[in-house]
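# Fold and contact review
Spelled out, the chains give:
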Amino acid sequence: MSYTVLLPQDIVEEGKEFLTSKGYTIKAGKGVTSNQIAEDAADCEAILARTAPFPREVIEAGKKLKVIARHGVGCDNIDVAACTERGIQVTYAPESNANSVAEYTIGMIIALARYFLPCDRAVRSGQWETRNTFPAIDLEGKTLGLIGAGRIGSLVAKKAFFGLDMNILAYDPNVSEIKDVPQAKVVADIGCVFAQADFVSLHLPATAHTKGMIGKDYFQAMKPGAFFINAARGEVVNETELREALASRRIAGAALDVFDPEPPLADNPLYSLDNVILTPHNAALTKEAMIRMALHAAMGIDDVLSGRPPKWPFNRLG
């Protein structure tokens with residue numbers, strides 16, 4: 001029996017080739033609005049989902065749907081509860097982007113420590129002698145604080161400890177130790193991480209519990225010369241309070257790959273600050289990660305439609 005897989009948004013060729021090699025028919029979607037996806041999904045057994053929204057009305061329109069495979073790690077754009085009610089398996093690709101985001105984080109730690117962007121601006125504007133004014137620091141012996149020590153956080157710890165000789169301090173209620181970095185100290189008090197770290201990096205999902213949890217109190221606890229990095233989810237941070245901490249130089253600087261909302265509004269006050277690096281939620285968008293995301297999502301579809309338990313289930317059925 002031939003099954004049809006809906007692609008509301010395009011994916012790299014490797015993912016499409018995997019699906020066609022398994023005998024699936026690929027249906028390119030008309031667009032990414034809920035109405036368009038709902039119409040397209042009516043005759044499909046599977047959806048390979050990227051960033052478009054998949055609310056309840058889309059789930060209910062897909063009368064033949066058996067699986068929605070997320071091209072990435074987070075499933076906050078999918079009504080997972082509605083899928084579970086209808087017996088639709090949701091899969092995701094939790095192993096696809098960890099290394100890419102970890103490398104991004106290390107890159108931002110170095111960029112912040114050495115003031116790469118301000119130095120670049122100074123050279124371009126002919127202010128050569130300002131090279132003596134930037135308070136650049138070595139990373140050896142500095143403390144990296146991790147909020148979240150799962151796949152990505154633990155990889156960041158490994159790269160920072162063994163590659164940069166940094167000390168690792170982590171908070172994660174689900175982790176008692178970082179296996180690959182036994183020297184890392186995992187603490188039960190998140191405030192301890194903010195107070196002691198020279199760099200604080202977020203690696204936790206956006207949930208009802210975590211949304212807006214990082215705000216003024218934590219920024220006030222940080223060292224004045226400390227830096228903040230968020231390549232996780234924008235909703236986890238109170239952006240207004242972060243901006244105030246940056247504008248007042250309460251903290252030295254930040255690197256942000258995620259925002260709330262996305263994309264940032266045209267008048268976002270962060271644009272006017274010279275001590276923050278802003279990137280367009282592309283920490284995971286390397287060529288290699290995009291191939292892994294597409295393949296792992298396609299593999300999830302094949303697992304379900306072939307009657308196998310999926311390797312990366314997001315919801316539990318039955």
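Throughout this document, residue positions are counted from 1 along each chain, in the order its sequence is written. Totals for whole chains, interfaces and linings use every residue, but because this is a predicted model, local features are given only for residues with pLDDT of at least 70 and side-chain atom pairs only at 80 or more, for both listing and counting. Excluded from the side-chain calculation are hydrogens and water; included are all heavy atoms of the structure.

### Brief notes about helix 2 (residues 34-41)
- Buried residues of helix 2: S34, I37, A38, D40 and A41, and no others. The buried residues of helix 2 occupy an angular sector of 165 degrees when projected down its axis, which confines them to one face. In helix 2, the exposed residues that point more than 90 degrees away from the buried face are N35 and E39. Partly exposed residues are those whose accessible area sits between 20% and 50% of the maximum for their type, while under 20% is buried and over 50% is exposed, using a 1.4 Å probe and protein chains only. Strands here mean DSSP runs of E at least two residues long; helices mean DSSP runs of H or I at least four residues long; both are numbered from the N terminus. Read the arc as the range of directions from the helix axis to the C-beta atoms.

### What to know about the environment of F259
- Following the sequence through the fold, F259 ends up in the loop between strand 11 (253-256) and strand 12 (276-278).
- Counting along the chain gives 188 residues from F259 to H71, while the straight-line C-alpha distance between them is 20 Å.
- Whether two residues are in contact is decided by their heavy atoms: any pair within 4.5 Å suffices. In this view, F259 contacts G234, E239, P264, L270, L278 and T279; residues no more than four positions away in its chain are not counted.

### Remarks on the nonpolar core
- Among buried residues, the Ala, Val, Leu, Ile, Met, Phe, Trp, Tyr and Cys ones that are joined through side-chain atoms within 4.5 Å form a nonpolar core. I109, L144, M166, I168, I178 and F199 are the most contacted members of the largest nonpolar core, which has 38 residues in total.
- Those elements that place two or more of their residues in this core are helix 5 (98-113), strand 6 (143-147), helix 7 (151-164), strand 7 (167-171), strand 10 (227-230) and helix 11 (287-305).
- For I109, the residues in contact, after removing those within four places along its chain, are L139, L144, M166, F199 and I229.
- In this structure, L204, M222, V236 and L256 belong to the second largest nonpolar core, which totals 31 residues.

### Observations concerning the sheet that holds strand 3 (residues 46-49)
- Two strands qualify as a pair provided that DSSP identifies no fewer than 2 bridges between them. Spatially, 2-1-3-4-5 is the arrangement adopted by the five strands of the open sheet, whose pairing is parallel. Strands at the two margins of the open sheet, each flanked by one partner only, are strand 2 (25-28) and strand 5 (89-91). Sheet twist, expressed as the mean angle between neighbouring strand axes with direction ignored, is 20 degrees.
- With three bridges joining them, strand 4 (residues 67-70) and strand 5 adopt parallel strand pairing. Residue pairing in the sheet places A69 in a bridge with T91 of strand 5.
- An axis is simply a line fitted to the C-alpha atoms; with a helix, the fit covers only the stretch in contact. Between two such axes, the angle follows the N-to-C directions and lies from 0 to 180 degrees. Across the sheet, helix 1 (residues 13-21) lies against strand 1 (4-7), strand 2 and strand 3, angled at about 135 degrees from strand 2, the strand it touches most.

### Some details on the pattern of salt bridges
- By definition, a salt bridge exists where a carboxyl oxygen of Asp or Glu is found within 4 Å of a side-chain nitrogen of Lys or Arg. Under the defined criterion, the tally for this structure stands at 14 salt bridges.
- We note a salt bridge from D43 to K27, for which the minimum N-O separation is 2.9 Å. Here D43, found in the loop between helix 2 and strand 3, pairs with K27, found in strand 2; they are 16 residues apart in sequence, far enough to count as distant.
- Owing to a relative accessible area of 22%, K27 belongs among the partly exposed residues under this scheme.
- What emerges from the salt-bridge pattern is a single network uniting D10, E13 and K16.

### Observations regarding the sheet that holds strand 11
- A sheet is described by the order of its strands in space; here seven strands give the open sequence 8-7-6-9-10-11-12, paired in parallel fashion. Two strands in the sheet have a free side with no partner beyond their single neighbour: strand 8 (185-187) and strand 12. Put simply, the sheet's adjacent strands are angled 15 degrees from each other on average, direction ignored.
- Note that strand 7 and strand 8 share three bridges and pair parallel. Bridging across to strand 8, L169 finds its partner in K185.

### Comments concerning the packing of helix 5 against helix 7
- Direction vectors running N to C along helix 5 and helix 7 enclose 50 degrees, while the axes themselves pass 8 Å from each other. By the angle between their directions, the pair helix 5 and helix 7 is classed as oblique. Like other packed secondary-structure pairs, helix 5 and helix 7 cross with a definite hand, here right-handed. Of the residues in helix 7, those in contact with A98, N99, V101, A102, E103, T105, I106 and I110 of helix 5 are R151, I152, L155, V156, K159, A160 and L164.
- Residue polarity is assigned by list, with Asp, Glu, Lys and Arg as charged and Ala, Val, Leu, Ile, Met, Phe, Trp, Tyr, Cys and Pro as nonpolar; anything else, Gly included, falls into the polar class. Split into classes, the residues belonging to the contact of helix 5 with helix 7 amount to 10 nonpolar, two polar and three charged. By definition in this entry, angles of less than 35 degrees are roughly parallel, angles greater than 145 are roughly antiparallel, angles of 65 to 115 are roughly perpendicular, and the rest are oblique. Helix crossings are classified by the rotation of the near helix relative to the far one: an anticlockwise turn of less than a right angle makes the crossing left-handed, while a clockwise turn makes it right-handed.

### Comments concerning the side chain of D198
- Note on placement: D198 falls in the loop between helix 8 (190-196) and strand 9 (199-202).
- Any N or O atom pair separated by 3.5 Å or less is treated as a polar contact, with the protein-specific requirement of one donor-capable and one acceptor-capable atom, and with residues adjacent in sequence counted only for side-chain atom pairs. For D198, the side chain forms a polar contact with the side chain of K223, separated by 3.0 Å.
- When near neighbours in sequence (up to four residues on either side) are disregarded, D198 contacts K142, T143, K223, G225, A226 and F227.

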